[in-house]
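Each chain is listed here by its residues.
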Amino acid sequence: MPSARPPLIFGEVLFDRFPDGNAVLGGAPFNVAWHLQAFGAAPLFVSRVGNDDLGRRIQAAMRAWGMDSAGLQIDSQHPTGTVEVRFEQGEPAYDIIAGRAYDCIAADSLPQLTPALIYHGTLALRAATSLQALETLNSRYNTPVFLDVNLRPPWWELQAARKLLDNARWVKLNEDELSLLGTDSGTLDQRAARLRETHGNELLIVTRGGDGAVAFSSDGQSAETRPASGNAVVDTVGAGDAFTSVTILGLLRGWPLQQTLDRAQTFASAVVGVRGATVQDRDFYRPFIEQWELPAA
C-alpha cells in the first residue's frame, strides 16, 4: 500500500554555477525533493538558506513549485550555498564552498512530523551542527533511512561514512563510491553484496553512469537496468538525484524492485537531456505521471 505520510528530505540546497555563467538551483537533496513534489509525494524538505538574494530565490522557487517550506531555516550569518561546476572529460566536477547555511541546520528549529522515511546524503553532514540535527531527527522518529552516498573530496571521512551506512535501510552509491567504502577485490556484484551484508542494509543500489544500475536486497533479490540507446545527453548533473527520487517513489508506493529500477533509469535518462538538475516545466513530468498512474500532484 502507498504510504500516506510524507518523506522527509534532509540536506543541502544551493546554486550550481556553470562555466557559461548560468546558475542553476540544485543540491542533491533539494533535487530529490523537487522531483518528488512534481510526482505528488509532498516531501518535507529540511535545510537552511542565507538571508540573502539567493536564499530568497530558493524560497520563491519552492513556493512556486508548491513545496512545503516548514523545514526551511533562514540564517542571518551564513550565506546560501554555491558550487562551481566544471566538466572534465564530459563528467561534472565540483568546487563546493564551505561555511554555508546548509552546514548550520539547527536541531532546535526542526519541524514536527512523522515521516514515511528520512532521506539524506553525506555532504551536508560535513559540519557538526547539521550532523547533530540529522541525529536528532533519527532519534526522535526512529524512521527508516535512505542514504544517498555522495563522497565529495575533501568533505567526507571513511569511518563517518561507514557509520551512516550502518544506520541506513536503503543505500544508493556509484561504482567509485563502492570501491572507496568497500574493497576492490571481486566482481561488482560480490563487492556490493559484501558491503550490504557488512552494514545490514535491506537494499543497496549501485549506479553505473551510462551502464545503468544494479540492486541487491537482503531477501536475495537482485535487479539490473540499463538506459535505452540513443538518449540525448545535454549534461549529467543531477542524473543520480533523478534516479534516487523515483527509487524513493517506488519505496513509498510499494513497486517491485525491477519496476522501480527501470522507472528510475527511464526518468534519469530524461533528465540528462536537459541542462541542470531541476526542471521547472510540469509538462516534463506528465508522461511519467500518466504512465505510472500516479495521483495528480
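See above for the structure.
Now for a look at the structure at hand.

Basis of the calculations
- Residues numbered from 1 in each chain as written.
- Predicted model: local features only at pLDDT ≥ 70, side-chain atom pairs only at ≥ 80, totals over all residues.
- Heavy atoms only, no water.
- Helix = DSSP H or I, 4+ residues; strand = E, 2+ residues; numbered from the N terminus.
- Rg over C-alpha atoms; globule rule 2.2 N^0.38 Å.
- Buried < 20%, exposed > 50% of the residue type's maximum accessible area, 1.4 Å probe, protein only.
- Contact = heavy atoms within 4.5 Å.
- Areas by Shrake-Rupley, 256 points an atom, 1.4 Å probe, with all protein chains shown as cover.
- Lys, Arg positive; Asp, Glu negative; His and termini not counted.
- Charge placed at Lys NZ, Arg CZ, Asp CG, Glu CD.
- Pairing = 2+ DSSP bridges.
- Right-handed = clockwise from strand over helix to strand, strands pointing away.
- Axes fitted to C-alpha atoms, helices over the stretch in contact; angles between N-to-C directions.

1. Describing the overall build of the chain
Next, step 1: When you go through the chain residue by residue, the secondary structure sums to nine helices and 13 strands.
Next, step 2: Taken over the C-alpha trace, the chain has a radius of gyration of 18 Å; the compact-globule value for 297 residues is 19 Å, and the two agree within 12%.
Next, step 3: Residue burial in the chain is summarised as follows: out of 297 residues, 54% are buried.
Next, step 4: Excluding contacts between residues fewer than 6 apart, the proportion of contacts in the chain whose partners are at least 24 apart in sequence is 69%.
Next, step 5: Element-wise, carbon and sulfur atoms account for 46% of the exposed surface of the chain, whose accessible area totals about 12900 Å².
Next, step 6: For the chain, the separation between the mean place of its 25 positive charges and that of its 34 negative charges on side chains is 3 Å.

2. Brief notes about the pairing of strand S4 (residues 44-50)
Next, step 1: Counting buried positions over the seven residues of S4 gives seven, a clear majority of the element.
Next, step 2: The alternating pattern of S4 places Leu44, Val46, Arg48 and Gly50 and Phe45, Ser47 and Val49 on opposite faces, both of which are buried.
Next, step 3: Sheet topology places S4 next to strand S5 (residues 72-75); four bridges connect them, and they run parallel. Bridge pairing in S5 places glycine 50 opposite aspartate 75.
Next, step 4: Read as a crossover between parallel neighbours, the route from S4 over helix H2 (residues 53-65) to S5 is right-handed.

3. Here's the deal with the sheet that holds strand S13 (residues 222-225)
One key point about sheets: their strands pair by backbone hydrogen bonds, in either a parallel or an antiparallel sense.
Next, step 1: Taken in spatial order, the nine strands make up an open sheet running S5-S4-S1-S8-S9-S10-S11-S12-S13, and their pairing is mixed. The sheet is open, and its two borders are formed by S5 and S13, each paired with just one other strand. Averaged over all adjacent pairs, the angle separating strand axes in this sheet is 15 degrees, with direction ignored.
Next, step 2: Its contacts with the sheet put helix H3 (residues 128-141) on strand S1 (8-10), strand S8 (118-120) and strand S9 (145-148), and the angle it makes with S1 is roughly 160 degrees.
Next, step 3: The strands that helix H6 (residues 188-199) touches are strand S10 (170-174), strand S11 (203-207) and strand S12 (213-217); relative to S12, the one it contacts most, it runs at about 40 degrees.

4. A word on the sheet that holds strand S7 (residues 91-96)
Next, step 1: Here we have four strands laid out as an open sheet, ordered S3-S2-S6-S7, and mixed in their pairing. Strand pairing shows two members of the sheet lacking a second neighbour, strand S3 (23-26) and S7, which therefore form its edges. Pairwise comparison of adjacent strand axes, ignoring direction, gives a mean angle of 35 degrees for this sheet.
Next, step 2: Pairing of strand S2 (residues 14-17) with S3 involves four bridges; the strand directions are antiparallel. Within S3, the position partnered with aspartate 16 by the bridge is valine 24.
Next, step 3: This element, H2, spans S2, S3 and strand S6 (81-88) of the sheet and lies at about 105 degrees to S2.

5. Looking at the pairing of S9
Next, step 1: The alternating pattern of S9 places Val145 and Leu147 and Phe146 and Asp148 on opposite faces, both of which are buried.
Next, step 2: The parallel pair S8 and S9 is bridged by H3, and the resulting crossover is right-handed.
Next, step 3: The pairing of S9 with S10 spans three bridges and is parallel. Pairing of aspartate 148 across the sheet is with lysine 172, part of S10.
Next, step 4: With helix H4 (residues 158-166) bridging S9 and the parallel S10, this β-α-β connection has right-handed handedness.

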